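Remarks on the overall topology
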Amino acid sequence: MRFAAVFLLAGAMAAQTPSDEKRAALGKALAVTYSRSVNIIRDSKLQRYVDELARRLSPGEWHIAVIREEKGGPTHEPTAYPAGYLFVPASLIVNSQNEAEFAAMLAHAMAHSLDRSAGPVFFDGESAVPRSFLPRQRQSEIDADARAVQILAAAKFPPYALLDYLSRTPSFAPQRLQALEDAVHSAPPVAPTPSSPEFERLRTELIPLARPATPRRAPSLQRP
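What you see as residue numbers is a count from 1 along each chain, following the sequence as written. Local features in a predicted model are, by the rule used here, given only for residues with pLDDT of at least 70; side-chain atom pairs are given and counted only at 80 or more, and totals for whole chains, interfaces and linings are based on all residues. To obtain the side-chain values, all non-hydrogen atoms of the structure were used and water was disregarded.

What to know about the sheet that holds strand β2 (residues 63–67)
Read from one edge of the open sheet, 3 strands run β2-β4-β3, paired in mixed fashion. Each having just a single partner strand, β2 and β3 (79–81) make up the two edges of the open sheet. When the angles between neighbouring strand axes are averaged without regard to direction, this sheet yields 10°. Pairing between strands is defined by DSSP: at least two bridges between the two strands are required. Strands are runs of DSSP state E lasting at least two residues, helices are runs of H or I lasting at least four, and both sets are numbered from the N terminus onward. Across 5 bridges, the pairing between β2 and strand β4 (residues 85–89) is parallel. In the sheet register, histidine 63 faces β4, and the bridge partner there is tyrosine 85. By definition, residues are in contact when any of their heavy atoms lie within 4.5 Å. Between N-to-C directions, angles cover 0 to 180 degrees, with each direction set by a line fitted to C-alpha atoms, over the stretch in contact for helices. Sitting on the sheet, helix α1 (residues 20–35) is in contact with β2, β3 and β4, with an inclination near 30° to β4.

Description of the packing of aromatic side chains
Stacked, tilted and edge-to-face are the three classes assigned to paired rings of Phe, Tyr and Trp, where Trp is represented by its six-membered ring and a pair needs centres within 6.5 Å; plane angles under 30 degrees give stacked, over 60 edge-to-face, the rest tilted. Tallied over the entire structure, the rule returns 6 aromatic pairs. Centroid distance tyrosine 34 to tyrosine 81: 5.7 Å. Interplanar angle 75°. Geometry classified as edge-to-face. On the criterion of sequence distance, the pair formed by tyrosine 34 in helix α1 and tyrosine 81 in strand β3 is long-range, its members being 47 residues apart. One exposure class covers both tyrosine 34 and tyrosine 81, and it is buried. Seen from their ring centres, tyrosine 34 and phenylalanine 87 are 4.8 Å apart, and the 55° between their planes marks the pair as tilted. One end of the pair, tyrosine 34, is in helix α1; the other, phenylalanine 87, is in strand β4, with 53 residues separating them in the sequence. To sort residues, take the accessible area from a 1.4 Å probe on protein chains only and compare it with the maximum for the residue type: under 20% means buried, over 50% means exposed, and anything in between is partly exposed. Overall, the relative accessible area of 6% leaves tyrosine 34 in the buried class. Feature note: the residues Tyr34, Tyr81 and Phe87 constitute an aromatic cluster, connected by ring pairs.

Notes on helix α8 (residues 197–206)
Regarding α8, the residues found buried are Phe199, Leu202 and Leu206. Taken end-on, α8 shows its buried residues confined to a sector of 70°, consistent with a single buried face. More than 90 degrees from the buried face of α8, the exposed residues found are Pro197 and Thr204. Contact partners of the buried residues in α8: α2 (44–57), α3 (90–95) and α4 (99–114). As used here, the arc is the angular range of directions from the helix axis to the C-beta atoms.

Concerning the environment of alanine 100
Topologically, alanine 100 is positioned in helix α4. Classification of alanine 100 by relative accessible area gives buried; the value is 10%. For the pair alanine 100 and aspartate 164, spaced 64 residues apart in the sequence, the C-alpha separation amounts to 9.8 Å. When sequence neighbours within four positions are dropped, the list of residues in contact with alanine 100 reads Leu152, Phe157, Pro158 and Ala161.

Here we look at the nonpolar core
Residues grouped as a nonpolar core are buried Ala, Val, Leu, Ile, Met, Phe, Trp, Tyr and Cys residues, joined through side-chain atoms within 4.5 Å. Judged by nonpolar contacts, the single largest core of 48 residues is most densely connected at Leu57, Phe102 and Leu162. Looking at this core element by element, the count peaks at 9 residues for α4. By size, the runner-up hydrophobic cluster in this structure holds 10 residues, among which are Ile40, Ala65, Ile67 and Tyr85.

Focus: α4
Every helix has an expected span of 1.5 Å times one less than the residues it contains. Given a rise of 1.5 Å per residue, 16 residues ought to cover 22 Å, and the 22 Å separating the end C-alpha atoms of α4 matches this to within 8%. For α4, the buried fraction is high: 15 of the 16 residues fall into the buried class. Definition of a polar contact: a pair of N or O atoms within 3.5 Å, with one able to donate and the other able to accept a hydrogen when the atoms are protein atoms, and with sequence-neighbouring residues admitted only if both atoms are side-chain atoms. With a side-chain oxygen lying 3.2 Å from the backbone nitrogen of alanine 100, the N-terminal cap of α4 falls on asparagine 98.

Looking at the packing of α2 against α4
Contact geometry of α2 with α4 gives a least axis separation of 10 Å together with a crossing angle of 70°. As summarised for this structure, α2 and α4 are arranged roughly perpendicular, according to the angle between their axes. Relative to α4, α2 is oriented so that their crossing is right-handed. Here α2 contributes Tyr49, Val50, Leu53, Ala54 and Leu57 to the contact with α4, which in turn contributes Glu99, Phe102, Ala103, Leu106, Ala107 and Met110. Polarity classes work like this: nonpolar for Ala, Val, Leu, Ile, Met, Phe, Trp, Tyr, Cys and Pro, charged for Asp, Glu, Lys and Arg, and polar for all others, with Gly in that last group. For the contact of α2 with α4, the per-class residue count stands at 10 nonpolar, no polar and 1 charged. Small angles under 35 degrees read as roughly parallel and large ones over 145 as roughly antiparallel, with 65 to 115 read as roughly perpendicular and the rest as oblique. By definition, turning the near helix anticlockwise from the far helix through less than a right angle yields a left-handed crossing, and turning it clockwise yields a right-handed one.

Some words on the pattern of salt bridges
Here, a salt bridge means any Lys or Arg side-chain nitrogen found within 4 Å of an Asp or Glu carboxyl oxygen. Scanning the entire structure with this criterion turns up 5 salt bridges. Each of Glu141, Asp145 and Arg176 takes part in one network of salt bridges that share partners.

Keep in mind these values describe shape, not function.
Set out below in structure tokens:
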């Protein structure tokens, strides 16, 4: 997966993890700069929906914008900055085959934003990663998947939704797939629920702004 882009070299890899105050200031500064390069979809119903879904997944202060641009590579992953700043491509909503899949990818992005171990390096979901950072990036993805699975289960979304979505991604890394399958198997089971009418309506309305959906592929796990 293409995943990362903003490297904050303010202290090199050995720098201490920023304090909450510094992370909040850093996240806001990065988000303000990033927002100037994208077109945010200004729709009150869409904004209310993503805000409410975010609070269901993880209580706290989230700053979420849905954007027209495709910035998340083949998974349409949100751009995540520290302290709850997320930029969600409209294509993610369109390419999610149900509400649980969208919630799963949103939870994955939240996990990145909440990750304090990232130190001075934060990923924005768009550019290529220098080779020296690849091992750290791969582990960051695995860790975010595991945390997202727990977030989903706690919010009463089926944890396998993340696996269903990511397994349709071309060239999905086998190591990450195995780790994700293990995380899903160890999570509390949650019965599947239908997508909300609001999700289906918004998904339909966003189709003209997004790329075509990725091909369907059978999930890796048997569902209940």
